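For reference, the chains in residue letters:
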Amino acid sequence: MSYKKIGGEDLELNNIDSRNYDSPEAPPNDLDDLADLDDFEHDHEDDYSVDDDRADIGEGLLGGKKSTGKQRQFRRKPKISLKLGLVIAFVIVVLIVGFVIRYLKTSKGWSSDVDSLGRRLQPWQRNTLDEYNLSKNGLWNSSSEPQTREYFWTISDIVGAPDGVQRKMTVINGKFPGPLIEANEGDRIIVHVKNEGADPTGMHFHGMFQKGTNFMDGVLGVTQCGIMPGHEFTYNFTLDGQYGTYWYHSHWDLQAIDGVAGPLVIHSPKEDEAYKHLYDEEMVLFVNDWYHEMGREYMPGYLFPNGENDEPVPQAGLIQGMGEFDCSKYTDRECQQLQKQIIPVEENKTYRIRIINAGAMSEIDFSIDQHKFDLIEVEGFSVEPYELQAARVANAQRYSFLVKTDKREIDEQFWLRTEFNPHCYAEMNDELDINVRAIFSYPSHTEKVKKLIAKGDPNYLVAHGDPQDVKWKDFDGTVECLELNTTMLTPKYNDPIPGRGDFVELHAAFHRQQGAIKRGVFNATTWNPAKEATLSQFLREKPLEMFADGPSKHWGPDQLTVTVNSTRTIDLVINNLDDGAHPFHLHGHKFWILDSGNSYFNFGRYDNIPDRGQVMRDTLQVDGYGWVLIRFVIDNPGIWAFHCHFAWHMEAGLSMQFLALPEELMEMQPPSGWNDMCKAALEEEKEGQKEGQTN
Ligand SMILES: [Cu+2]
């Protein structure tokens, strides 16, 4: 007997399964079993070999008391009819509940299996339409008392098909994309991560300062060892001194691009004071490029000896976790043709759209046909509203845009575009349609569509056909892989930028090594994560005397460390010696973008930093053969990763770390369970070495 889903088609309460009732290993322990037992007793009314103990368990559950065999014999007839009556009543109740649930599901806006547009969701599909809608209950209250927000996440491997093509994925709580974290500045976030997947995991909360909580930064090989399969770890940190649009993702291997990623939004009274009166509705727009295999499947081909640095090109793009791959391109894959994603809006409102580029590498050109928008936020940095027709969002970057829905007299439906910039790919593939789009949809006034809506028929969403193609004419992108030029933005607040700091220069490149395999290189080092996180090694060895200020290779030639021994301003120049662009991300800090240019940084520019409002952010794309000068204050003890955010380049070793305030770091106590992760990793390494010796 089974009922997998109340209200579904699998309601089979009246069947009797073929369980062996004599098996002592299987005492009935739930209502299913109890119902079985009653049927059994009924069928064998005159058979005195019925196991009294088992019947007692049944009665104990049903009636809450245990009877003896004698009592049972004495009251036998009335008991059976009473139980039968209760079972029938139970079945009726279940059926009624089932019908009610079914009814509610077919009506609009209820149940996690159907979103508020009436679209039926797959079991692994997150209801992003409703969950990423930040104003479904009105705008958020940012001025409530600081509170603790606790999340329970289970990582698991599933088969899903966000764009219609079935593939293996790794996800949080069985669904893709990840659940929204929404909180206020000053709140405490606790995330219990339980790993039920086949691979290690670790969660990085992208852009979080992690003030005093370097242990919670989630970078495998740097701030923690992996949460091994079957294990758990609890992340616990506060959101102090920051607000804005962020995200989180696994920082193990390529797990983030296999599905372990989601949005993180921090509200703040300060920001609300500046902008909240400007908008009525608010949503996260979670966009990513998408591959049809697990990330690791592409690595051997990517790092093929003598190959060029040709990153694997995605097959599709997803908006709010959904895409519509053209199934006719595949003959040998399980593929279901899906429809375009819908972004429903109401007329004459202003929407705050928080866009997050959560992909592996693609650069997104965001625009909405006929709708200009105002940029107000750059990764938590407030700027004066700046009008744009389109905005480039590089990998791992975020922005907030204000869009007015005042164009219904033109049409009811428009393309919302998150098109991929083809100039960021080494080559194109046949599968990818770079024209990633959703339908920006006003409530319909046409009779045909109105009728469908009245019937609750989700087909109303596509009854219009595709929106007209009216892309902004004067925006066709540049022919290069450049990020949005932020030099024209004016900071909302005139927070002073500190004066000149310690100068550090990095050269980022892709090199061929002995085996002719190309690797990402920072100053002649290629990051090769050790089994034991560098933070764990540091705390175990406490090798303080070995760290002078500046670059060193303490943990082997593969691991570049820039040490900063006291609170200091750092002026970091990154020269990109590669023809491809790199979106660099600094953990635990934000930096001001002071200046940038082509070819090689020259010190003449250092003496003449342009006088403009410099934007502060945590992810910056450096052009091919270009350079940038950034400034940040190191004041947070820890080991902070700095790396290219292209999943492929990070895997190829384009990564290094800052060791900040080692003396203070040495005194910090790891949280519960943190050391255990590295103990397990070290044991595994020892085992590996033993095996290596015996072989
Ligand atoms: Cu890169």
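Residues numbered from 1 in each chain as written. Predicted model: local features only at pLDDT ≥ 70, side-chain atom pairs only at ≥ 80, totals over all residues. Heavy atoms only, no water.

Regarding the protein, the UniProt comment filed under Sequence similarities (unreviewed entry) reads as follows: "Belongs to the multicopper oxidase family." (UniProt positions renumbered as here; feature names shortened; annotations may be inferred.)

### Re the overall build of the protein
On a plain count of helices and strands, the protein comes out with 13 helices and 31 strands. Taking all 695 residues of the protein together, the buried fraction comes to 55%. For the protein, the exposed surface amounts to about 29900 Å²; the carbon and sulfur share of it is 50%. (Helix = DSSP H or I, 4+ residues; strand = E, 2+ residues; numbered from the N terminus. Buried < 20%, exposed > 50% of the residue type's maximum accessible area, 1.4 Å probe, protein only. Areas by Shrake-Rupley, 256 points an atom, 1.4 Å probe, with all protein chains shown as cover.)

### Some words on the nonpolar core
Counting residues in hydrophobic clusters, the biggest one holds 85 residues, and the most contacted among them are Phe366, Leu572, Phe642, Trp648 and Phe658. At six residues, the largest contribution of residues to this core is made by strand β29 (residues 626-634). Counting the residues that make up this core, at least three belong to each of domain 2 (128-207 + 242-461) and domain 3 (502-667). Ignoring anything within four residues of it in the chain, the contact list for Trp648 reads Leu254, Ile257, Tyr291, Gly295, Tyr298, Met299, Tyr302, Glu311, Pro312, Ala360 and Met361. Among the nonpolar cores identified, the runner-up in size contains 45 residues, and Phe215, Cys225, Trp555 and Leu659 belong to it. (Core = buried A, V, L, I, M, F, W, Y, C linked by side-chain atoms within 4.5 Å. Domains from an automatic or database assignment. Contact = heavy atoms within 4.5 Å.)

### Comments concerning helix α9 (residues 534-541)
Burial within α9 is extensive, with six of its eight residues counted as buried. Within the span of α9, buried status applies to Thr534, Leu535, Ser536, Gln537, Phe538 and Leu539. In the segment just after α9, Lys542 is the residue with positive phi, at about 45°.

### Focus: the pattern of salt bridges
Scanning the entire structure with this criterion turns up 37 salt bridges. In this structure, Asp272 engages Lys276 in a salt bridge whose closest nitrogen and oxygen atoms are separated by 3.9 Å. Note on Asp272: relative accessible area 10%, which makes it buried. The partner of Arg333 in a salt bridge is Glu293, and the shortest N-O contact between them spans 2.8 Å. Residue Arg333 is located in the loop between β10 (316-319) and β11 (341-344), and its partner Glu293 is located in the loop between β9 (281-290) and α7 (299-302); the two are separated by 40 residues in the primary sequence. According to the relative accessible area criterion, Arg333 is partly exposed, its value standing at 24%. Its relative accessible area of 35% is what places Glu293 among the partly exposed residues. Taken together, the shared-partner salt bridges connect Glu271, Glu282, Arg352, Arg354 and Glu377 into one network. (Salt bridge = Lys/Arg side-chain N within 4 Å of Asp/Glu carboxyl O.)

### Quick word on the sheet that holds strand β5 (residues 203-206)
Think of a sheet as strands paired side by side through backbone hydrogen bonds, with each pair either parallel or antiparallel. Ordered in space as β3-β8-β7-β5, the four strands form an open sheet in which the pairing is mixed. Edge positions in the open sheet fall to β3 (181-184) and β5, since each of these has one partner strand only. If you compare each strand with its neighbour and ignore which way they point, the axes differ by 20° on average. As defined by bridge partners, strand β7 (residues 244-250) adjoins strand β8 (residues 261-267) across six bridges and the pair is classed as antiparallel. The partner of Tyr248 across the bridge, within β8, is Gly262. (Pairing = 2+ DSSP bridges. Axes fitted to C-alpha atoms, helices over the stretch in contact; angles between N-to-C directions.)

### Quick look at the coordination of the copper ion
By definition of the ideal shapes, four donors in a tetrahedron about a metal sit 109.5 degrees apart, and six donors in an octahedron sit 90 or 180 degrees apart. Coordination sphere of the copper ion, protein contribution only: His582 (ND1), Cys644 (SG) and His649 (ND1), at 1.9 to 2.1 Å. Spacing between the donor residues of the copper ion along their common chain follows H-x61-C-x4-H. Within this pair, whereas His582 is found in strand β25 (residues 582-586), its partner Cys644 is found in strand β30 (residues 638-644), the two being separated by 62 residues in sequence. Looking at His582, the relative accessible area reads 0%, which means it is buried. Overall, the relative accessible area of 0% leaves Cys644 in the buried class. (Donors = N, O, S within 2.8 Å, 3.2 Å for Na, K, Ca; no water.)

### Focus on the state of the cysteines
Under the counting rule described, the total for this entry stands at three disulfides. Here Cys424 pairs with Cys481 through a disulfide, and the sulfurs are 2.0 Å apart. Across the S-S bond of Cys424 and Cys481 the torsion is about 100°, and the bridge reads as right-handed. Residue Cys424 is found in the loop between β18 (413-420) and β19 (437-441), and its partner Cys481 is found in the loop between α8 (447-454) and β20 (502-512); the two are separated by 57 residues along the sequence. Residue Cys481 is classed as buried on the basis of its relative accessible area, which comes to 11%. (Disulfide = S-S within 2.5 Å.)

### So, the packing of aromatic side chains
In the structure shown here, the tally under the stated rule is 34 aromatic pairs. Relative to Phe401, the ring of Phe373 lies with its centre 4.5 Å away and its plane at 50°, an arrangement referred to as tilted. Of this pair, Phe373 sits in strand β14 (residues 373-378) while Phe401 sits in strand β17 (residues 398-404); the two residues are 28 residues apart in sequence, bridging distant segments of the chain. For the pair Phe373 and Phe401, one class covers both residues: buried. Three or more aromatic residues joined by ring pairs form one cluster here, namely Tyr151, Trp153, Phe205, Phe233, Tyr235, Phe237 and Tyr248. Residue placement shows Arg437 over the ring face of Trp415; its charged tip is 4.8 Å from the ring centre. Just above the ring of Tyr606 sits the side chain of Arg500; from NZ or CZ to the centre is 3.9 Å. (Phe/Tyr/Trp six-rings, centres within 6.5 Å; stacked < 30°, edge-to-face > 60°. Lys NZ or Arg CZ within 6 Å of the ring centre and 35° of its normal.)

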